[in-house]
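Residue-level listing of the chains:
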Amino acid sequence: MCIRDREYDNLKLFLVGPKTSRFPSSKQLKTSQYFLKLEKWIQKNDLTGSIIFSGPVAYRKIPYYYVGCDLFIQPSPFETFGRAIFEAAAAGLPFICTQIGNKIPQYLPKSSGIFLKQLSGSELERAIKRILDNENDFKKWGLQAANQIGRYYSWRKIAKKYLKIYEEIIKN
């Protein structure tokens, strides 16, 4: 079954980020070649009404985008920390991402998302279907992840850890 089947006909893909690339040799912004190919593919496959491009988003507005989604997907195989994944999990969203360096980040609860070992269209489609078909479970696990992240990674907790480090340095 394809993700475009009628069972999933109400899906919308929301792509957040600029459509342009800034090249080091130029101060001029140019529409990226990747975006142009993607736009052509979307039109060819009659998906124009199903895919929304936000363009650039101010950092302070990003939480509103998370709250407006049911699922977060970041299929990039080159994440070093995965900040966007962390933010999505903190917002209670189930997520799909690739494993970072063949490892699952310790700060992300494993049950709240799906970690792909390899990025392929078929693997991504299976992961999306798994979450859509088990939506209530993943929403529950997403909220548990948000609570866990809030407990261990709040600004107050982080500040206390730094304070402890500084106190140790001053003692020695």
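Here is what the cut-offs are and how they apply
Residues numbered from 1 in each chain as written. Predicted model: local features only at pLDDT ≥ 70, side-chain atom pairs only at ≥ 80, totals over all residues. Heavy atoms only, no water. Helix = DSSP H or I, 4+ residues; strand = E, 2+ residues; numbered from the N terminus. Buried < 20%, exposed > 50% of the residue type's maximum accessible area, 1.4 Å probe, protein only. Contact = heavy atoms within 4.5 Å. Areas by Shrake-Rupley, 256 points an atom, 1.4 Å probe, with all protein chains shown as cover. Pairing = 2+ DSSP bridges. Phe/Tyr/Trp six-rings, centres within 6.5 Å; stacked < 30°, edge-to-face > 60°. Patch = residues over 30% accessible without salt bridge, like charges linked within 9 Å, V, L, I, M, F, W, Y side chains within 5 Å. Salt bridge = Lys/Arg side-chain N within 4 Å of Asp/Glu carboxyl O. Core = buried A, V, L, I, M, F, W, Y, C linked by side-chain atoms within 4.5 Å. Axes fitted to C-alpha atoms, helices over the stretch in contact; angles between N-to-C directions.

1. Examining the overall build of the protein
Here's step 1: Secondary structure summary: the protein contains six helices and seven strands in total.
Here's step 2: Its helices and strands taken in sequence order, the protein reads β-β-β-α-β-α-β-α-β-β-α-α-α from the N to the C terminus.
Here's step 3: Of all 172 residues assigned to the protein, the portion counted as buried reaches 27%.
Here's step 4: Sequence-distant contacts, at least 24 apart, represent 49% of the contacts inside the protein between residues at least 6 apart.
Here's step 5: Here the protein displays about 12700 Å² of accessible surface, and carbon together with sulfur accounts for 55% of that area.

2. Considerations on the pairing of strand β6 (residues 95-98)
Here's step 1: Going residue by residue along β6, you find Phe95 and Cys97 tucked away on one face and Ile96 and Thr98 tucked away on the opposite face as well.
Here's step 2: Of the pairings in the sheet, the one linking strand β5 (residues 72-74) to β6 comprises three bridges and is parallel in character. Of the residues in β6, the one forming a bridge with Phe72 is Phe95.
Here's step 3: As paired elements, β6 and strand β7 (residues 113-116) share four bridges and run parallel to each other. Counterpart to Phe95 in the pairing with β7 is Gly113.

3. With respect to the packing of aromatic side chains
Here's step 1: With the rule as written, the count across this model stands at seven aromatic pairs.
Here's step 2: Judged by centre distance (4.9 Å) and plane angle (80 degrees), the ring pair of Phe35 and Phe53 falls under edge-to-face. Residue Phe35 is located in helix α1 (residues 33-44), and its partner Phe53 is located in strand β4 (residues 51-55); the two are separated by 18 residues in the primary sequence.

4. Digging into a nonpolar patch on the surface
Here's step 1: Together, Tyr162, Ile165, Tyr166 and Ile169 make up a nonpolar patch on the protein surface, roughly 450 Å² of accessible area in all.
Here's step 2: Checked against the element boundaries, Ile165 lands in helix α6 (residues 155-171).
Here's step 3: Relative accessible area serves as the criterion here: at 45%, Ile165 is assigned to the partly exposed category.

5. Comments concerning the nonpolar core
Here's step 1: Ranked by size, the top nonpolar core spans 11 residues in total: Tyr66, Phe72, Ile85, Phe86, Ala88, Ala89, Leu93, Phe95, Cys97, Phe115 and Ile149.
Here's step 2: Looking at this core, the elements with two or more residues in it are α3 (83-90) and β6.
Here's step 3: Ranked by residues supplied to this core, first place goes to α3 with four residues.
Here's step 4: Non-local contacts of Cys97, meaning those with residues more than four positions away in its chain, are made with Gln74, Ile85, Ile114, Phe115 and Leu116.
Here's step 5: Within the second largest apolar cluster, nine residues are counted, among which are Leu71, Ile114, Leu116 and Ala127.

6. Considerations on the sheet that holds β6
Here's step 1: Across the sheet, which stays open at both edges, the three strands sit in the order β5-β6-β7 with parallel pairing between neighbours. Of all strands in the sheet, those with a lone pairing partner are β5 and β7, marking the two edges. Strand after strand, the sheet turns through a mean of 15 degrees between neighbouring axes, direction not considered.
Here's step 2: Against the sheet, helix α4 (residues 121-133) engages β5, β6 and β7, with an angle of about 170 degrees to β7.

7. Some remarks on the pattern of salt bridges
Here's step 1: Counted according to the given criterion, the structure contains five salt bridges.
Here's step 2: Salt-bridge contacts for Arg126 lead to Glu123; the nearest nitrogen and oxygen are separated by 2.4 Å. Taken together, the residues span about one helical turn, with Arg126 and Glu123 both in helix α4 at a distance of three residues.

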